[in-house]
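Below, each chain spelled out in residue letters.
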Amino acid sequence: MSLSSANDALTGALLGWYDRHRRILPWRAPAGRRADPYHVWLSEIMLQQTTVATVKSYFDDFVARWPRVEDLAAADLDDVLHAWQGLGYYARARNLHKCAQAVAGDHGGRFPDTEAGLLSLPGIGPYTAAAIAAIAFDVPASPVDGNIERVTARLRRITEPLPGGKTAIQAAARDLTPSRRPGDFAQAMMDLGAMVCTPRAPKCDLCPWHDPCAARAAGNAADLPARAPKKAKPTRHGVVFWIKDAKGRVLLRRRAERGLLGGMMEVPSTDWRDDPWDKDEAAGHAPLAAASWEGAGEVRHTFTHFHLRLTVVCGTVTGGDGAEGTWVHPRDFGDHALPTLMKKVAKAALG
Ligand code: SF4
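The paragraphs below set out a description of the structure included in this document. (Residues numbered from 1 in each chain as written. Predicted model: local features only at pLDDT ≥ 70, side-chain atom pairs only at ≥ 80, totals over all residues. Heavy atoms only, no water.)

### A closer look at the overall build of the chain
For clarity, the cut-off: Numbering of helices and strands runs from the N terminus, with a helix taken as a DSSP run of H or I at least four residues long and a strand as a DSSP run of E at least two residues long. Only protein chains enter the accessibility calculation, which uses a 1.4 Å probe; a residue is then buried when its area is under 20% of its type maximum, exposed when over 50%, and partly exposed in between. In this analysis, two residues are considered to be in contact whenever any of their non-hydrogen atoms come within 4.5 Å of each other. Note on areas: these come from Shrake-Rupley sampling with a 1.4 Å probe, and a residue is covered only by the protein chains present in the view.
Scanning the chain for helices and strands turns up 14 helices and six strands. A principal-axis box enclosing the C-alpha atoms of the chain has dimensions of 80 × 45 × 30 Å. Per-residue burial for the chain yields a buried fraction of 48% across its 351 residues. Once local pairs closer than 6 in sequence are excluded, the contacts in the chain between residues at least 24 apart make up 68%. Just so you have it, the chain exposes about 17400 Å², and 50% of that area is on carbon and sulfur atoms.

Encoded structure:
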């Protein structure tokens, strides 16, 4: 069989399976219809590093509040960050808002229909551009998410460990992408990876690619894709100051726009550094001087690149004038965009 007819057979088998077994997802169009680019974009941004099950309710909530991209563009950024709470990576929510404004303001409310056009928008990288182009506009683009990466590595038995193996996997995925129904093909690969070609125990007996799959034939499907050993994450340390005023309000401040948890509210803290802090040294970095600092335990949190240990100390001040930030009663914390880390701090301080 020639290479192209072999690929046609693979495509046909997978699309036939997809027509029978496709997942029903809130952002997907019914069979034979094109999905709304706004829905595809929103779901793809939300799905980065988060599961489909988690994203469903967030997606429904966003679309109910902001039915069109123009509505999201006109929304207050704080409302968007607030609605995003629990999805992590707030830079993504900020870019989501910027992107909505770019589409509404510069593109007349219509998403560009090419990968290059989509790539020019804030917060859209090569994967997301390919996913939107394929799913919303049926462009023969090759988005390679974790599911497609796994399915492709196994089908073609690509054994080079990740991340180095990504190049070969992406080339193989491109080679598989058909010109007919490329959007359905991409979604079929995603569904196959989610439902059949699962990470630990692929259900090869149920797979439309059982016969042509090279890793299944070699007996090492569950070991692919291989991964290079991970480097240990460093641990950083900080001291966080839970400062109450006479009315029981707590000092919060907004983090810098750029960087980790950019623009989110926080309980003030020292820098986060490699060495643990001495209590007296840390006290010199408090935004206000309290008569004494009471320990309230330690909060642990893990970011993508490091573990964080924050020692929580509580103090009371009588004044509070001149402090940079906002005084908020803990019962009103729900009105502010507090990241998960800061919710943990509040829980420790409130006992
Ligand atoms: Fe994955 Fe097995 Fe299908 Fe190969 S045969 S693609 S390993 S489920």
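### So, the site of the ligand
As a reminder, the rule being used: Think of it this way: one heavy atom of a residue within 4 Å of a molecule or strand is enough to make that residue near it. Gly is placed with the polar residues, together with every amino acid not listed as nonpolar (Ala, Val, Leu, Ile, Met, Phe, Trp, Tyr, Cys and Pro) or charged (Asp, Glu, Lys and Arg).
The local shell around the ligand consists of Arg154, Val196, Cys197, Pro202, Cys204, Cys207, Trp209, His210, Cys213, Arg216 and Ala221. A breakdown of the residues in the shell around the ligand according to their chemical character gives eight nonpolar, one polar and two charged.

### Looking at unusual backbone geometry
Cis peptide bonds are those with omega within 30 degrees of zero, and the linkage from Leu162 to Pro163 qualifies with 5°. Residue position: Pro163 is located in the loop between α9 (146–155) and α10 (166–176). Cis geometry is adopted by the peptide bond preceding Pro225, which originates at Leu224 and carries an omega value of -5°. Tracing the chain through its elements places Pro225 in the loop between α12 (214–218) and β1 (235–244). Positioned with a positive phi, Arg181 is a non-glycine residue whose angle comes to about 50°. Tracing the sequence through the fold places Arg181 in the loop between α10 and α11 (182–195). With a phi angle near 50°, Leu261 is a residue other than glycine that sits in the positive phi range. With respect to the helices and strands, the residue Leu261 is situated in the loop between β2 (250–254) and β3 (265–266). Taking relative accessible area as the criterion, Leu261 reaches 13% and is therefore assigned buried.

### Focus: the pattern of salt bridges
Close approach of charged atoms allows side chains of opposite charge to pair. Just so we agree on the cut-off: By definition here, a salt bridge exists when the distance from a side-chain nitrogen of Lys or Arg to a carboxyl oxygen of Asp or Glu is within 4 Å.
Tallied over the entire structure, the rule returns 14 salt bridges. Note that Glu298 is salt-bridged to Arg300, the shortest N-O span being 3.0 Å. Under the relative-accessibility criterion, Glu298 is labelled partly exposed at 40%. Via salt bridges that share partners, Asp19, Arg181 and Asp184 belong to a single interconnected network.

### A few points about the pairing of β2
Rules: Between any two strands, at least two bridges found by DSSP are needed for them to pair.
Two strands pair when backbone bridges link them, and β2 and strand β6 (residues 326–328) are joined in this way by three bridges, in the antiparallel orientation. When the sheet's bridge partners are listed, Val250 is paired in β6 with Val328. In the sheet, β2 pairs with β3 via two bridges, with the strands oriented antiparallel. Residue pairing in the sheet places Arg254 in a bridge with Met265 of β3.

### Overview of the nonpolar core
For the record, the criterion: Here, the term nonpolar core denotes a set of buried Ala, Val, Leu, Ile, Met, Phe, Trp, Tyr and Cys residues that are joined through side-chain atoms within 4.5 Å. Each domain's limits were defined by an automated method or a database of domain assignments.
Of all hydrophobic cores here, the largest spans 100 residues; its most connected members are Trp41, Phe62, Phe111 and Trp209. The two domains that each donate at least three residues to this core are domain 1 (3–223) and domain 2 (235–350). Ignoring any residue separated from it by four or fewer positions in sequence, one finds Trp41 in contact with Val69, Leu72, Leu96, Cys99, Ala100, Phe111, Ile124 and Ile132. Within the second largest apolar cluster, 14 residues are counted, among which are Phe241, Leu288, Val313 and Val317.

### Concerning α10
Selection rule: Working definition: the arc comes from the directions between the helix axis and the C-beta atoms, pointing outward to the latter.
Buried residues of α10: Ile169, Ala172, Ala173 and Leu176, and no others. Across the axial projection of α10, the buried residues extend over an arc of 100°, all falling on one side. Of the residues in α10, the exposed ones pointing more than 90 degrees away from the buried face are Thr167 and Arg174.

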